Amino acid sequence: MRLIEKVFNPTGKKHAGTLIFFHGSGDTGNGMTEWIRFLLGKDLEFPHIKVIIPTAPVQPYTPMGGENSNVWFNRKRIEMDCPEIRTSLASIYDTVNEMLVREMAAGIPLSRIVVGGFSMGGALALHTGYHLNRDLGGVFAISSFLNTGSIVYDSLGCVSPDDHLPELLMMHGERDTLVPLDWGQTSYDELAKLGVRGQFVPHRTALHEIKKDQLLRVIDFVQKIIPETVDDVTPEPTKPADTSKTVKKGKL
């Protein structure tokens, strides 16, 4: 399934990495784009990284009484102890995998792809990076959680200590009443026990939302995972040599 996507191509000359940012339940790629623009005062753009903000498919969502909504997968209830609907997850796995394959076909190695998201989108990012494809460079999740007994934990239980796992950044508002802080903290702690390395960063004033400083932290995280290389940087225009001055050579 090809999703509707908001795409921000690199502002420089070379595409050398990709960020995929999943929105929360009931939102759209356009909605997330406008939210980011409001927080930053500009679009989420990088000189060398393509940013993809897709829109989730419209499907019946049980917590809304079965009404149609833009959601990545269905849930029985928004509760940590509620079992996952794995058939619903399997459907979106195929769609996300198609996105990864497209980026690889464009010459982007998996190690230079970061996936992340807010709320349900962050949960999808955790599934993507620690169950679907563990060769990705990094994962971030804001105000997100994994269900108790998640397939992600089952998948990581088969990983050896020497296997590569994407670096993780999780952030969560201490005042979040929809997805309580301890759901996020517990999810992070379980992932850490299974070998995932990263950070869990509480935000003292945040509700179930994205704050500007969280988004700035995401930007720093993405740039660390996908740094500019020498080939990515557009060289400064060369100035004509000043022949009136003696050139002094430094020591090698």
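About the criteria used
Residues numbered from 1 in each chain as written. Predicted model: local features only at pLDDT ≥ 70, side-chain atom pairs only at ≥ 80, totals over all residues. Heavy atoms only, no water. UniProt positions renumbered as here; feature names shortened; annotations may be inferred. Helix = DSSP H or I, 4+ residues; strand = E, 2+ residues; numbered from the N terminus. Axes fitted to C-alpha atoms, helices over the stretch in contact; angles between N-to-C directions. Parallel < 35°, antiparallel > 145°, perpendicular 65-115°, else oblique. Contact = heavy atoms within 4.5 Å. Nonpolar A, V, L, I, M, F, W, Y, C, P; charged D, E, K, R; others polar. Buried < 20%, exposed > 50% of the residue type's maximum accessible area, 1.4 Å probe, protein only. Phe/Tyr/Trp six-rings, centres within 6.5 Å; stacked < 30°, edge-to-face > 60°.

Visitor: Teacher, can you tell me more about the UniProt feature "domain: Phospholipase/carboxylesterase/thioesterase" (unreviewed entry) in the chain here?
Guide: According to UniProt, the positions carrying the feature "domain: Phospholipase/carboxylesterase/thioesterase" (unreviewed entry) are residues 11–225. Counted over residues 11–225, helix gives 36% and strand 20%. Its end C-alpha atoms are 18 Å apart.

Visitor: Can you help me understand the packing of helix H2 (residues 86–105) against helix H3 (residues 120–132) in this one?
Guide: Think of two packed helices as two axes; the pair is described by the angle between the axes and how far apart they sit. The interhelical angle for the contact between H2 and H3, taken along N-to-C directions, is 75°, at an axis separation of 11 Å. As far as their axial angle goes, H3 and H2 are roughly perpendicular. From H2, Leu-89, Ile-92, Tyr-93, Val-96, Asn-97 and Leu-100 reach across to H3, where they touch Leu-124, His-127, Thr-128, His-131 and Leu-132. Residue classes in the contact of H2 with H3 are distributed as seven nonpolar, four polar and no charged.

Visitor: Help me understand unusual backbone geometry, please; the structure alone is not making it clear to me.
Guide: Positive phi is not limited to glycine here, since Ser-119 has a value of about 55°. Its place among the elements puts Ser-119 in the loop between strand E6 (113–118) and H3. Judged by relative accessible area, Ser-119 falls into the buried class, the value being 11%. Within the chain, Ser-143 stands out as a residue other than glycine whose phi angle is a positive 55°. Relative to the assigned elements, Ser-143 resides in the loop between strand E7 (138–142) and helix H4 (151–156).

Visitor: Could you clarify how one ought to interpret the packing of aromatic side chains in this entry?
Guide: What the rule picks out here adds up to five aromatic pairs. Ring geometry for Phe-145 against Trp-183: centres 4.9 Å apart, planes inclined by 65°, an arrangement best described as edge-to-face. Of this pair, Phe-145 sits in the loop between E7 and H4 while Trp-183 sits in helix H5 (residues 181–193); the two residues are 38 residues apart in sequence, bridging distant segments of the chain. Trp-183 shares its class with Phe-145; the two are buried.

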